[in-house]
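Below, each chain spelled out in residue letters.
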Amino acid sequence: MKALIIVDVQNDFIPGGALAVNEGDQVVPVINQLQEKFDFIVATQDWHPLDHGSFAANHPGKKIGEFIELNGVNQILWPVHCVQNTEGAEFHPNINSDKWKAVFQKGVNRLVDSYSGFFDNNRQGDTGLSAYLKENGVDEIFVCGLAADYCVKFTVLDGLSEGFKTHLIVDATKAVNIHPDDFEKSVEEMKAAGASIVSSVEI
Ligand code: VGL
Ligand code: ZN
């Protein structure tokens, strides 16, 4: 069975938010249309405590975009974003959540970041998404949402490693683009790992 995975369509990743993705709001109508084509839909939600180790503000003297070692893992520092129970962590007001079977929250452990909807960046913490999909007979996933070069990419890569036939819906995602070609590079990386790249009109 096919599932749609909607990654992190949250206010802080929308223009005006704390970690705004350029044109991030443009994925909302595309994803709402896509949802009509799926019976099985889940969402992920970036859900950090205020003292999260990925926030530059929690490392005196460090700036956004600098790297640190967080628990032995190389970590880029982000602005404070998607703090639990704040408006920035809420889903975009126009995203339709009526058909969502479950929401998988990630990034709750302050000692490790979690881009993928499946596992944290140490691959130790497991959100339960893989087991949930498998228990429900899902063997094929279509991934969309924000951001193409971080949480969407790592959800696609982990989906492949978990054995799902995995598709990126390329017109239903946007990138942070810290480097101008990060979107294209991410798509190539997903393709090279075995993902199929599809457009929403083909589904
Ligand atoms: C994300 C950076 C930090 C994302 C989350 O959803 O792509 N990016 N936290
Ligand atoms: Zn985050």
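Residues numbered from 1 in each chain as written. Chains lettered and ligands numbered in written order. Predicted model: local features only at pLDDT ≥ 70, side-chain atom pairs only at ≥ 80, totals over all residues.

Looking at an unreviewed UniProt entry, one finds the protein chain named nicotinamidase and attributed to Fontibacter flavus. What UniProt records for the protein chain under Sequence similarities (unreviewed entry) is the sentence "Belongs to the isochorismatase family." (UniProt positions renumbered as here; feature names shortened; annotations may be inferred.)

J.: Is there a simple way to explain the sheet that holds strand E2 (residues 41–46) in this structure?
T.: Hydrogen bonds between backbone atoms are what pair the strands of a sheet, whose relative direction is either parallel or antiparallel. The strand order across the open sheet formed by 6 strands is E5-E2-E1-E6-E7-E8, and the pairing between neighbours is parallel. On the outer flanks of this sheet lie strand E5 (100–106) and strand E8 (196–198), each paired with one strand and no other. Shown here is a sheet whose adjacent strand axes are inclined to one another by a mean of 25°, direction ignored. Where strand E1 (residues 2–7) and strand E6 (residues 140–146) come together, 6 bridges link them in parallel fashion. (Pairing = 2+ DSSP bridges. Helix = DSSP H or I, 4+ residues; strand = E, 2+ residues; numbered from the N terminus. Axes fitted to C-alpha atoms, helices over the stretch in contact; angles between N-to-C directions.)

J.: Explanation requested: the environment of Phe-118 in the structure shown.
T.: Mapped onto the elements, Phe-118 comes out in the loop between E5 and helix H2 (129–135). A residue is classified by how many C-beta atoms lie within 10 Å of it, and Phe-118, with 27 of them, is buried. A sequence separation of 13 residues divides Phe-118 from Gln-105, and the C-alpha atoms of the two residues are 9.7 Å apart. Beyond its immediate stretch of four places on either side in the chain, Phe-118 contacts Thr-127, Leu-129, Ser-130, Thr-155, Asp-158, Gly-159 and Glu-162. (Buried ≥ 20, exposed ≤ 12 C-beta atoms within 10 Å, placed from the backbone. Contact = placed C-beta atoms within 7 Å.)

J.: Which parts of the structure should I look at to understand the site of ligand 1?
T.: Every residue close to ligand 1 is listed here: Asp-8, Phe-13, Leu-19, Asp-46, Trp-78, Leu-146, Ala-147, Tyr-150 and Cys-151. When grouped by side-chain class, the residues that make up the shell around ligand 1 number 7 nonpolar, no polar and 2 charged. (Near = placed C-beta within 6 Å. Nonpolar A, V, L, I, M, F, W, Y, C, P; charged D, E, K, R; others polar.)

J.: Whenever I open this one, the nonpolar core confuses me. Can you help?
T.: The nonpolar side chains of soluble globular proteins are, as a tendency, buried together. In terms of nonpolar packing, the biggest core is built from 46 residues, with Ile-5, Ile-6, Val-143, Cys-144, Leu-146 and Ala-147 touching the most fellow members. Mapped onto this core, the elements with two or more residues apiece are E1, helix H1 (27–35), E2, H2, E6, helix H3 (151–161), strand E7 (165–174) and helix H4 (182–193). Once you skip the residues sitting within four places of it in the chain, Ile-5 turns out to touch Val-42, Thr-44, Gly-117, Ile-141, Phe-142, Val-143 and Thr-155. (Core = buried A, V, L, I, M, F, W, Y, C linked by C-beta atoms within 7 Å.)

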